[in-house]
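# Coordinates in review
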Amino acid sequence: MNQILICLLIPFAGTVIGAALVFLIKNKIPPAVEKSLLAFAAGVMTAAAVWSLLLPAFDAAKDQDYGNLAFIPPVAGFWSGILFLLLLDNLIPHLHIHSETPEGPRSRLSKNTMLALAVTLHNIPEGMAVGAVLAGSLSGSAVMTVAGAISLALGISIQNVPEGAVVALPLRVSGHSRRRAFILGTLSGIVEPLGAIATIMLAGLALPLLPYFLAFAAGAMIYVVVEELIPEMSEGEHTNVTTLVFSLGFTLMMTLDSLPS
């Protein structure tokens, strides 16, 4: 039980650490550093979607005797995740980094609030991913373990550090106190443990749906990577640095997921 609690809190801890940078950094993160951090996050999330979620989804479907139709749960779950994030994108007012045009319904919310909502929006699939893997380990799956969930949580936590900073630092620059900026930056990550708990509960009620939940989280993560992180890391002057940093994040998550349980 302690391991499960730790696993739920590890990703949130990354957001807290990132938000705490508001006490150390006076102004915003330098653009080159910010783009590199986004590239690293994209690499981590892409690898997690494949190794931690999609491949176990296929294995779980095969264990449920789908036979030659074992591809159906992962494909259906993946597209459900894509469409779910697309729906949220259109229902929640939010603003991407460096963008001046908000997305979603028209709103009177401030730019900083909509930026925080954008980060919160893409924290949802990360929480679901941890919850889905934990649900698989609790079901007795041979391919999903608590150790694997901890590895996934650790990878997500690392890439949550820049996300916490991306919310907190602009709030500080716009005039909020360091304490208030830290609190609001921290709150952007609270959806992760909540999303994980909700996913565990839902998967526990219907274990045959586990491959769908795993692939759903993968689809949601890939949506965030392609729709948000890759455009932002590639913005401005062309450079190969972000490609290398993306590959570094991908390699790290791939390595974490391959470590023995």
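Look up a bit, the structure's there.
As the structure is a prediction and not an experimental result, all values here were calculated from the model. (Residues numbered from 1 in each chain as written. Predicted model: local features only at pLDDT ≥ 70, side-chain atom pairs only at ≥ 80, totals over all residues. Heavy atoms only, no water.)

## Here we look at the packing of helix H5 (residues 146–173) against helix H6 (residues 178–187)
Geometry of a packed helix pair, given as the angle between the helix axes and the separation of the axes. Between H5 and H6, the least distance of the axes is 8 Å, while the angle of their chain directions is 150 degrees. As the angle between them shows, H5 and H6 are arranged roughly antiparallel. Crossing geometry of H5 relative to H6 is assigned as right-handed. Within the contact between the two elements, H5 uses Gly164, Val167, Ala168, Leu171 and Arg172 and H6 uses Arg178, Ala181, Leu184 and Gly185. (Axes fitted to C-alpha atoms, helices over the stretch in contact; angles between N-to-C directions. Helix = DSSP H or I, 4+ residues; strand = E, 2+ residues; numbered from the N terminus. Parallel < 35°, antiparallel > 145°, perpendicular 65-115°, else oblique. Left-handed = near helix turned anticlockwise from the far one by under 90°. Contact = heavy atoms within 4.5 Å.)

## Considering H5
The terminal C-alpha atoms of H5, which comprises 28 residues, lie 40 Å apart, in line with the 40 Å expected from a rise of 1.5 Å per residue. Taking the largest bend as the criterion, H5 deviates by roughly 30 degrees, centred on Asn160, and proline Pro162 comes between one and four positions later. Phi for Gly175, located one or two positions after H5, is positive at around 115 degrees. (Expected span 1.5 Å × (residues − 1). Bend = angle between axes of the 7 residues up to and from the residue.)

## A closer look at the nonpolar core
With 53 residues, the main nonpolar core has Leu53, Leu134, Leu152, Leu214 and Leu229 as its most contacted residues. If you list the elements that add at least two residues to this core, you get helix H1 (2–20), helix H2 (31–63), helix H3 (72–91), helix H4 (111–138), H5, helix H7 (191–205), helix H8 (210–233) and helix H9 (241–258). The element contributing the most residues to this core is H8, with 14 residues. Apart from the residues lying within four places of it in its own chain, the contact partners of Leu229 are Leu38, Ala41, Ala42, Met45, His122 and Val224. Among the nonpolar cores identified, the runner-up in size contains 13 residues, and Ile29, Leu115, Ala165 and Ala181 belong to it. (Core = buried A, V, L, I, M, F, W, Y, C linked by side-chain atoms within 4.5 Å. Buried < 20%, exposed > 50% of the residue type's maximum accessible area, 1.4 Å probe, protein only.)

## A word on a nonpolar patch on the surface
There is a patch of nonpolar side chains on the surface, built from Leu69, Phe71, Ile72, Val75, Trp79, Leu83 and Leu86 and spanning about 650 Å² of accessible area. Within the secondary structure, Leu83 sits in helix H3. When its relative accessible area of 48% is taken as the criterion, Leu83 is described as partly exposed. (Patch = residues over 30% accessible without salt bridge, like charges linked within 9 Å, V, L, I, M, F, W, Y side chains within 5 Å. Areas by Shrake-Rupley, 256 points an atom, 1.4 Å probe, with all protein chains shown as cover. Salt bridge = Lys/Arg side-chain N within 4 Å of Asp/Glu carboxyl O.)

## Observations regarding the packing of aromatic side chains
Each aromatic ring pair is described using two quantities: the centre-to-centre distance and the angle formed by the ring planes. Going through the model one piece at a time under the given rule, you end up with 4 aromatic pairs. For the ring pair Phe246 and Phe250, a centre distance of 6.5 Å and an interplane angle of 25 degrees mean the geometry is stacked. Within this pair, Phe246 and its partner Phe250 are both found in helix H9, separated by 4 residues, close to a single helical turn. Taken together, the aromatic side chains of Trp51, Phe246 and Phe250 make up a single cluster linked through ring pairs. (Phe/Tyr/Trp six-rings, centres within 6.5 Å; stacked < 30°, edge-to-face > 60°.)

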